[in-house]
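Given next are the chains, with one letter for each unit.
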Amino acid sequence: MAGVGGSCRLTTLFAQYVQQTRAQNSFSSNFSKRMLLLKVEDNLRKSTFQIPLHQSDCHAFGMPREGQHVHGGVIATVVEDATTMHICANDARSRKAVTTDLNLSFLGVGKVGRTLQIDTNILKIGGVLGVAEAYVKDVSTGKLIAVGRHTMMFIGEDNSATEYAHSLNSVFDV
């Protein structure tokens, strides 16, 4: 699963993400099978994830002779998943959260067969909103592929972020 040992809130949420996406066969299950949480630093303010890119991540219009380029939606999903876990792990009240804003700027292309590294940083955790940024780079070249910022609004009861869904049919109830 992950390269991080021990138990902090982010490793707990990551383990839940892996288990729940697979149990529900959710949209993110394709990515949770491959994503790794490598490290958590600076008192939970920084984290690093990695994901290898597969053929199934390709943009439909990429030409094989040009190298298979990864669809931007794959990068957006991985950024959203990583920053969601990171923001929720930093909420002192451990609440669930919903996205209010997600923006990405693509500076390069991800290619099949390579691994992406997603470095996330918490910018602010408040009583209502949490904000994180992400830098996505190609591990083999070190080139920056995308940068993003994710804002989330905290919802739900205290300690609800780490509660595993009691019913897989009502996962989206908040």
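These numbers were taken from a predicted model, which means no experiment stands behind them.

Q: Explanation requested: the overall build of the protein in the structure shown.
A: Each helix and strand in the protein was counted, giving three helices and six strands. Looking at the protein residue by residue over its 174 residues, the buried ones come to 43%. Look at the contacts in the protein between residues 6 or more apart in sequence, and 65% of them connect residues 24 or more apart. When the accessible area of the protein is evaluated, it comes to approximately 9000 Å², of which 51% is carbon and sulfur surface.

Q: Even after reading the chapter, I still don't get the nonpolar core, so can you show me in this structure?
A: The nonpolar side chains of a soluble globular protein tend to be buried with one another. Counting residues in hydrophobic clusters, the biggest one holds 34 residues, and the most contacted among them are F14, F49, I75, I118 and V136. Of all the elements in the fold, those that place two or more residues in this core are α1 (9–24), β2 (46–52), α3 (72–90), β4 (115–125), β5 (129–138) and β6 (144–155). The element best represented in this core is α3, accounting for nine residues.

Q: How do you make sense of the packing of aromatic side chains when you look at a structure like this?
A: Two numbers describe a pair of aromatic rings. These are the distance of the centres and the angle of the planes. Counted under the stated rule, the structure contains two aromatic pairs. On the basis of an interplanar angle of 50 degrees and a centroid distance of 6.1 Å, the ring pair of F14 and F49 is categorised as tilted. Here F14 is found in helix α1, whereas its partner F49 is found in strand β2, with 35 residues between them in sequence. By way of ring pairs, the aromatic residues F14, Y17 and F49 are connected into one cluster.

Rules of the game
- Residues numbered from 1 in each chain as written.
- Predicted model: local features only at pLDDT ≥ 70, side-chain atom pairs only at ≥ 80, totals over all residues.
- Heavy atoms only, no water.
- Helix = DSSP H or I, 4+ residues; strand = E, 2+ residues; numbered from the N terminus.
- Buried < 20%, exposed > 50% of the residue type's maximum accessible area, 1.4 Å probe, protein only.
- Contact = heavy atoms within 4.5 Å.
- Areas by Shrake-Rupley, 256 points an atom, 1.4 Å probe, with all protein chains shown as cover.
- Core = buried A, V, L, I, M, F, W, Y, C linked by side-chain atoms within 4.5 Å.
- Phe/Tyr/Trp six-rings, centres within 6.5 Å; stacked < 30°, edge-to-face > 60°.

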